[in-house]
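Fold and contact review
Take a look at the letters that make up each chain.
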Amino acid sequence: MNLRFKRATGPGLESLVDQTILIITNDGRNIVGVIKGFDQATNIILDESHERVYSTKEGVQQLVLGLYIIRGDNISVVGELDEELYSALDLSNLRAHPLMPVIH
């Protein structure tokens, strides 16, 4: 299945407010939530958020985070989720290696 992402940085994040996004952090975490706000340092506020934890042995675990703030200097990728495709995924059968941390 092909998930489509929309690239956005800095001021481009304005178009993503109140939409579901996926953030990949520098330490390899995958966090999904509704973007509620951001600042000039790209610190992002997410609501209704959860972390996806990938494993090669079992399906994707989703850890509820709720209202969550991610520091801009810890963000590697911000992508808009296609909610129709996302809802069709069976995460309980999805297997994948966890992402490794970003090395600068």
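Here goes a summary of the coordinates provided. As the structure is a computational prediction, the values presented were derived from the model and not from experiment.

Here we take up the overall build of the protein chain. A count of helical and extended segments in the protein chain gives one helix and five strands. Ordered by position from the N terminus, the helices and strands of the protein chain form the series β-β-β-β-β-α. Counting all 104 residues of the protein chain, 36% fall into the buried class. Considering only contacts within the protein chain whose residues lie at least 6 apart along the sequence, 56% involve residues at least 24 apart. Summed over its atoms, the accessible surface of the protein chain is roughly 6,600 Å², and 53% of this surface lies on carbon and sulfur atoms.

This part takes up unusual backbone geometry. One non-glycine residue with positive phi stands out, namely Thr-42, at about 60°. Along the polypeptide, Thr-42 turns up in the loop between β2 (30-38) and β3 (44-53). Judged by its relative accessible area of 23%, Thr-42 falls in the partly exposed class. Positive phi, normally seen in glycine, also occurs at Glu-48, with a value near 50°.

Quick look at the nonpolar core now. The biggest cluster of nonpolar side chains holds 11 residues, and these are Leu-13, Leu-16, Ile-21, Ile-23, Ile-31, Ile-35, Ile-44, Leu-46, Ile-70, Ile-75 and Val-78. Only β1 (20-25), β2, β3 and β5 (75-80) provide two or more residues apiece to this core. Residues contacting Ile-44, with those up to four places away along its chain left out, are Leu-13, Ile-23, Ile-35, Gly-37, Phe-38, Tyr-68, Ile-69, Ile-70, Ile-75 and Val-78. With seven residues, the next largest nonpolar core counts Leu-22, Val-60, Tyr-86 and Leu-91 among its residues.

With that out of the way, let us pick up the sheet that holds β2. The strand order β4-β3-β2-β1-β5 describes an open sheet built from five strands, whose pairing is antiparallel. Each edge of the sheet is formed by a strand with only one pairing partner; in this case those strands are β4 (61-70) and β5. Taken over all neighbouring pairs, the strand axes of this sheet differ in orientation by 25° on average, direction set aside. As judged from the eight bridges shared by β3 and β4, these two strands associate in the antiparallel manner. Residue pairing for β4: Leu-46 is matched across the bridge by Tyr-68.

The pairing of β2 with β3 spans seven bridges and is antiparallel. Within β3, the residue paired with Asn-30 across the bridge is Arg-52. Here β2 folds back onto β3, and the loop between the two strands holds five residues, one of which, Thr-42, carries a positive phi near 60°.

This paragraph deals with the pattern of salt bridges. What the rule picks out here adds up to three salt bridges. Its salt-bridge partner being Lys-36, residue Asp-18 comes within 3.0 Å of it at the nearest N-O pair. Residue Asp-18 is located in the segment before β1, and its partner Lys-36 is located in strand β2; the two are separated by 18 residues in the primary sequence. Across the pair Asp-73 and Arg-71 runs a salt bridge, and its minimum N-O distance is 2.8 Å. Comparing Asp-73 with Arg-71, the two get one shared label, exposed.

Each value, and the rule that gives it
Residues numbered from 1 in each chain as written. Predicted model: local features only at pLDDT ≥ 70, side-chain atom pairs only at ≥ 80, totals over all residues. Heavy atoms only, no water. Helix = DSSP H or I, 4+ residues; strand = E, 2+ residues; numbered from the N terminus. Buried < 20%, exposed > 50% of the residue type's maximum accessible area, 1.4 Å probe, protein only. Contact = heavy atoms within 4.5 Å. Areas by Shrake-Rupley, 256 points an atom, 1.4 Å probe, with all protein chains shown as cover. Core = buried A, V, L, I, M, F, W, Y, C linked by side-chain atoms within 4.5 Å. Pairing = 2+ DSSP bridges. Axes fitted to C-alpha atoms, helices over the stretch in contact; angles between N-to-C directions. Salt bridge = Lys/Arg side-chain N within 4 Å of Asp/Glu carboxyl O.

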